[in-house]
Amino acid sequence: MALGIFLSVTCLFVGVGIAKYIDLKYSSENPVGFYWAVNKSLPLAVLSAVTIVIFWFVFMAVANIFSGELYKIGQFFFNWELTPQNMNAQSVRETANWIYGYANVTLMFVLLMLTTFASWFSYPLMLFKNYSWSEAKTRGNLEVSKHRSALYKLLGFIFAEAVLCTTVTPLLTPVLYMLTSTMIYVTYKDLFETVK
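Numbers given for residues are sequential positions, taken from 1 along each chain in its written order. Side-chain atom pairs in this predicted model are given and counted only at pLDDT of 80 or more, local residue features only at pLDDT of at least 70, and totals for whole chains, interfaces and linings cover all residues. Here the side-chain values reflect all heavy atoms present in the structure, with hydrogen atoms and water set aside.

> So what exactly am I meant to see when it comes to the nonpolar core here?
Inside soluble globular proteins, nonpolar side chains tend to come together where they are buried. Residues Leu-107, Trp-120 and Phe-121 are the most contacted members of the largest nonpolar core, which totals 48 residues. Numbering goes from the N terminus for both helices and strands, where a helix is a DSSP run of H or I of at least four residues and a strand is a run of E of at least two. Of all the secondary-structure elements, those providing two or more residues to this core are helix H1 (2-27), helix H2 (34-67), helix H5 (92-117), helix H6 (122-128), helix H7 (133-146), helix H8 (148-167) and helix H9 (173-193). Per-element accounting of this core gives the leading share, 9 residues, to H1. Put simply, buried Ala, Val, Leu, Ile, Met, Phe, Trp, Tyr and Cys residues joined by side-chain atoms within 4.5 Å make one nonpolar core. Only protein chains enter the calculation, and the probe is 1.4 Å; a residue is then buried if its accessible area is under 20% of its type maximum, exposed if over 50%, and partly exposed in between.

> What exactly am I supposed to notice about the packing of aromatic side chains here?
Two aromatic rings are characterised by how far apart their centres lie and by the angle between their planes. In this analysis, rings of Phe, Tyr and Trp, with Trp reduced to its six-membered ring, are considered paired at centre separations within 6.5 Å, and the interplanar angle assigns stacked below 30 degrees, edge-to-face beyond 60, and tilted for intermediate values. Across all of its chains, the model carries 14 aromatic pairs by this definition. Here Phe-55 and Phe-59 contribute two aromatic rings whose centre-to-centre distance is 6.4 Å and whose plane-to-plane angle is 35°, an arrangement assigned as tilted. With a gap of 4 residues between them, Phe-55 and Phe-59 both fall in helix H2, about one helical turn apart. The partly exposed category is assigned to Phe-55, whose relative accessible area is 30%. Aromatic rings pair up to connect Phe-55, Trp-56, Phe-59, Phe-109 and Phe-117 into one cluster. Just above the ring of Phe-128 sits the side chain of Lys-20; from NZ or CZ to the centre is 4.8 Å. Charge-over-ring placement is defined geometrically: NZ (Lys) or CZ (Arg) within 6 Å of the ring centre, and within 35 degrees of the ring normal.

> Just to check I follow, could you spell out the packing of H1 against H9 for this structure?
To describe two helices that pack against each other, one gives the angle between their axes and the distance between the axes. Geometry is summarised by axes, namely lines fitted to C-alpha atoms with helices restricted to the contacting stretch, and by angles between N-to-C directions that run from 0 to 180 degrees. Following both chains from N to C, one finds H1 and H9 inclined at 50°, their axes separated by 8 Å at the closest point. Judged on the interaxial angle alone, H9 and H1 are oblique. The crossing of H1 and H9 is right-handed. Listed contacts from H9 to Ser-8, Cys-11, Leu-12, Gly-15, Val-16, Ile-18, Ala-19, Lys-20 and Asp-23 of H1 are Tyr-177, Met-178, Thr-180, Ser-181, Thr-182, Ile-184, Tyr-185, Lys-189 and Glu-193. A breakdown of the residues in the contact of H1 with H9 according to their chemical character gives 9 nonpolar, 5 polar and 4 charged. Any angle that falls under 35 degrees is termed roughly parallel, while one over 145 is termed roughly antiparallel, one within 65 to 115 roughly perpendicular, and all others oblique. Two helices that cross are described as forming a left-handed crossing if the nearer one is turned anticlockwise from the farther one by less than a right angle, and a right-handed crossing if clockwise. Residue contacts are counted whenever heavy atoms from the two residues lie within 4.5 Å of one another. Residues are grouped as follows: Ala, Val, Leu, Ile, Met, Phe, Trp, Tyr, Cys and Pro are nonpolar; Asp, Glu, Lys and Arg are charged; every other residue, Gly included, is polar.

> Teacher, can you tell me more about the environment of Asn-104 here?
Take Asn-104: it is sitting in helix H5. Measuring from C-alpha to C-alpha, the distance between Asn-104 and Leu-164 comes to 9.2 Å, with 60 residues separating the pair along the chain. Setting aside anything within four residues of it in sequence, one finds Asn-104 in contact with Ala-162, Cys-165, Thr-166, Thr-173, Leu-176 and Tyr-177. Polar contact is defined as a pair of N or O atoms within 3.5 Å, subject to the rule that within protein one atom must be able to donate a hydrogen and the other to accept it, and that residues adjacent in sequence are counted only when both atoms are side-chain atoms. For Asn-104, the side chain forms a polar contact with the main-chain oxygen of Tyr-100, separated by 3.1 Å.

Encoded structure:
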């Protein structure tokens, strides 16, 4: 579970850097390389992923302690499920649902963490404008307060899609991740980089 959460969060935030790379590649006279996008966004994405894993572990450990299921705490770090019993006689959709199940829940958890402890714009502000976390949170929350209705609709759409990807269309989870990364970048660019 810890590895799945770590990889999901890292991919989500590296996707923001890739969205910037795609934008610069097609709109700039001096496009940057793909390596630039990954190299620039990976350290902050890894730091964010480790933070989310720690938060998730604490929440899960506390829940397991209160429920009296202490053995489940260790399963957060190691629970080998790639057994023949789990893989035999499953359809492609069931296998995809099993593989991407944590990714969809992680996406919803990350969005809740962003809206609670940071801001929708925190990550791109830290990544592209080198703001500290507190500066990014303050500046991002200022813009969120101006566009609250639109942001809630956007978050509602992403949550609805994540629920659909969890139950009905699990194979579209990577598309949802790239869509979310692109939305984070596009909304950031529209409010912070567009000359008005």
